[in-house]
Amino acid sequence: MSKRPLSPAPLPPSKRIHARHAVVVEHKPSVDALLSDEIALFIFSYLSPSDLCAIQCTNRNWGRLSLDNQLWKSLYITEYGRTRLRGVRGFIGRGDGREVKPLPGRAARTEDVKDWKWMYRISSNWRTGRCSLEHYELGIPPRLFSQDHSLDQTHLLLAGNLTVMASSKPSLTPSVVLSSPTHGSHTCPCPSSRPGSIAHITALALDQSPPASGHNGRLICFLSTGEFILFRLDHHTPSASSRCLTYQPSGRSSRTAPIIQAVYHHPLLVTLSQTFQLSLYDLSSDTVRHTQTLTSFTSHPPSSLVLSSSSPSTYKLVLAYAIPVYPAHWSVGATELIITNTEGSRMVVSSTRTTRAIDVPQGWVDEHKMRAVREQWSRKVARVADTQTDGKWVVLAPGQHLTPPPLSGSSPTSDASDGESSSSSTSSPSRTMYTSSSLYTASGLQLYRLHLPSSSSSSSPKLSFVRTLHGQIGPVSTLALADGRCVSLGMNGSIWVWDLEAGIGTEVSPGVSGPVDEDTDDGADEAFEAVKLRAATGARGSVVFDDRRIVSSHGSEVEIRRFDI
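Anyway, here's the lowdown on the structure attached to this text. Here the structure is a predicted model, which means the values were calculated and not measured. (Residues numbered from 1 in each chain as written. Predicted model: local features only at pLDDT ≥ 70, side-chain atom pairs only at ≥ 80, totals over all residues. Heavy atoms only, no water.)

A word on the pattern of salt bridges. Oppositely charged side chains are able to pair whenever their charged atoms sit close together. One pass over the structure, following the stated rule, counts 17 salt bridges. The closest approach of N and O atoms between Arg82 and Glu501, which form a salt bridge, is 3.5 Å. Within this pair, whereas Arg82 is found in the loop between helix H5 (69-80) and helix H6 (116-128), its partner Glu501 is found in the loop between strand S24 (495-499) and strand S25 (504-509), the two being separated by 419 residues in sequence. For Arg82, a relative accessible area of 16% corresponds to the buried category. With a closest N to O distance of 2.6 Å, Arg353 and Glu336 form a salt bridge. Here Arg353 is found in strand S17 (residues 348-356), whereas its partner Glu336 is found in strand S16 (residues 329-340), with 17 residues between them in sequence. By relative accessible area, which is 7% here, Glu336 ends up buried. (Salt bridge = Lys/Arg side-chain N within 4 Å of Asp/Glu carboxyl O. Helix = DSSP H or I, 4+ residues; strand = E, 2+ residues; numbered from the N terminus. Buried < 20%, exposed > 50% of the residue type's maximum accessible area, 1.4 Å probe, protein only.)

This is how it looks when you write it as structure tokens:
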């Protein structure tokens, strides 16, 4: 406010241009002023995503229009063919991985609150392999690729914003670590109920059912003693997670120890032991009741389990596994099991259907069937590193022949055949046979399409070969598969992401390539020696992913790669 009041006198007339004739100044409207928002958005709909990002710097109005959510929604659906991010498991929408359903009436739809441009950016990062890298140490001093802990496996799970980690190292008090980006880490001890018993964690299972209340979930930890422990997880505050119950079997048997795979959809728990015994448990009312056990003599690990619920009393379990092929080869098979739980009865398997990738017809065959058999026969492998399924796709990772490194002091020719005489071996000069290393050979993943018709249909299930996924160098350690996306972890730490529908792959991490000259540091040599040790012994790593990150481990250190950058 001015110190003096304004004068009431009228303002002087504005100055005019001194000219003989009146000059009319025409203000030409800009292109931005001529176009309405609707017309501008219609024009912008023909632009590519890179052009839309470029025109944001033109002016403020165009920058506002180029960020239109419906514009990026159309681009995202056209490019990726779905209305959500790929790779999510269970419930989606909330920050902790659980979905919040809007209220009826005036509540906005879920699609209206999504940031479609951010979703497009995340999906393009997955396609190009662009991500950030974080490291998490479980408390074991040696770093990744150390030889002392190269054979230890770290079990991993993703529960919304929580990362669940557990080491397989034997201990008096095995523990599960819950890591949250906002609330730090919390350790849940899992000691055996048997006093003085040394045990290690063999598997983890996360509840896939909708949460009963709040942000709570359930986690089951399996011990080598045959016991399993049920935890109640708090997604917002990991330190508030608590232990609910401990199941201790009456005795140690091949059914309960060790458990290598498990899936949990409350109240149904399905476990798979190393001897391939499938067990069903009913966990209603916080009690454990064993209901049924199935055994297979033609199915072998590695395996993968996918459990879904079509109704409150009906569950569908899809199991992928390795099957032997005469005379000494392997392939992949899949089985569908329908589990029912009616009132007043136990949870039991009501029906099963099985299919195989290699199916030799019985009796005499014609030329057409023989040609199909030859095509199937060419896809058999000498060893299976891993098999994974999401209920729609099945991926088989071929393994390699295990050739342990020679002991110290032994020569390459010390394992000569017994038929050779000692005189001939001493007289002939020592020769070193060259064997190509599998660390530098390409790995081809076999992709199959699993067709499971409805139970009312007369057609039988079928496992059809689609293509071979080429690109990754070196043997594959383990796979992770969900929602049409596959992540493969190599023995050398390399990570590839595969789009199974398009059949394309992207390298996310090259891994350890090995020393290239004599001037490399000792750390690179030590890392490469650990990789060779894992490849020779067949040690497996761990990898899991969701819609925004990949978590992998080889040993005690965990690597987290985020694509929401």
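Within this structure, the stated rule accounts for 15 aromatic pairs. Ring geometry for Tyr76 versus Tyr80: centroids 5.2 Å apart, planes at 40 degrees, classification tilted. Of this pair, Tyr76 and Tyr80 are both found in helix H5, four residues apart, which corresponds to roughly one turn of the helix. For Tyr76, a relative accessible area of 1% corresponds to the buried category. Ring geometry for Tyr247 against Tyr281: centres 5.7 Å apart, planes inclined by 70 degrees, an arrangement best described as edge-to-face. (Phe/Tyr/Trp six-rings, centres within 6.5 Å; stacked < 30°, edge-to-face > 60°.)

Moving on: the packing of H5 against H6. Packing of H5 against H6 brings their axes to within 8 Å, and their N-to-C directions diverge by 30 degrees. What the angle tells us is that H5 and H6 run roughly parallel. Between H5 and H6 the crossing geometry is left-handed. Facing H5, whose interface residues are Asn69, Trp72, Lys73, Leu75, Tyr76, Glu79 and Tyr80, H6 presents Trp116, Lys117, Met119, Tyr120, Ser123, Ser124 and Arg127. Within the contact of H5 with H6, the residues separate by chemical class into seven nonpolar, three polar and four charged. (Axes fitted to C-alpha atoms, helices over the stretch in contact; angles between N-to-C directions. Parallel < 35°, antiparallel > 145°, perpendicular 65-115°, else oblique. Left-handed = near helix turned anticlockwise from the far one by under 90°. Contact = heavy atoms within 4.5 Å. Nonpolar A, V, L, I, M, F, W, Y, C, P; charged D, E, K, R; others polar.)

Let us look at the pairing of S24. Burial runs high along S24: four of the five residues are buried. The turn linking strand S23 (residues 485-490) back onto S24 is made up of four residues, and Gly493 within it adopts a positive phi angle of 90 degrees. In sequence, S24 turns back onto S25 through a hairpin of four residues, with Gly503 there showing a positive phi of about 75 degrees. (Pairing = 2+ DSSP bridges.)

This brings us to empty space enclosed by the protein. Counted under the stated rule, the structure contains one cavity of 30 Å³ or more. Space inside the largest cavity adds up to approximately 60 Å³. For the lining of the largest cavity, the residue count by class is six nonpolar, three polar and two charged. (1 Å grid on protein atoms, 1.4 Å probe; cavity = no way out; pocket = protein on both sides within 12 Å on 5 of 7 lines; lining within 4 Å. Points joined across faces, edges and corners; volume = space filled by probe spheres on them.)

To continue, consider the sheet that holds strand S22 (residues 476-482). The four strands are arranged S22-S23-S24-S25 in an open sheet whose pairing can be described as antiparallel. Each edge of the open sheet is held by one strand with a lone partner, namely S22 and S25. Going from strand to strand, the sheet's axes swing by 20 degrees on average, the running direction of each strand aside.

What follows covers the sheet that holds strand S10 (residues 259-265). In spatial order, the strands read S10-S11-S12-S13; together these four strands make up an open sheet with antiparallel pairing. Pairing within the sheet leaves two strands with one partner each, and these edge strands are S10 and strand S13 (289-295). Strand-to-strand twist of the sheet, defined as the mean angle between neighbouring strand axes without regard to direction, takes the value 20 degrees.

Further remarks concern the nonpolar core. Counting residues in each nonpolar core, the largest one holds 27 residues, and the members touching the most others are Leu52, Tyr76, Trp126, Val487, Phe545 and Ile550. Secondary structure elements with two or more residues in this core: helix H2 (37-44), H5, H6, S22, S23, S24 and strand S26 (542-545). Leave out the neighbours within four places in its chain, and Trp126 touches Arg485, Val497, Thr506, Phe545, Asp546, Asp547, Arg548, Arg549, Ile550 and Phe563. (Core = buried A, V, L, I, M, F, W, Y, C linked by side-chain atoms within 4.5 Å.)

Taking burial as the measure, the six residues of strand S28 (residues 557-562) include six buried ones, the bulk of the element. Alternating residues of S28 divide into Glu557, Glu559 and Arg561 and Val558, Ile560 and Arg562, and every residue in both groups is buried. Examined bridge by bridge, strand S1 (residues 132-137) and S28 share six bridges and lie antiparallel to one another. Note that in S28 the partner of Leu133 across the bridge is Arg561. Direction of pairing for strand S27 (residues 549-553) relative to S28: antiparallel, over a ladder of five bridges. Each bridged residue has a counterpart across the sheet, and for Ser552 the counterpart in S28 is Glu559. Hairpin remark: S27 followed by S28, antiparallel, with three residues in the connecting loop; positive phi at Gly555, about 105 degrees.

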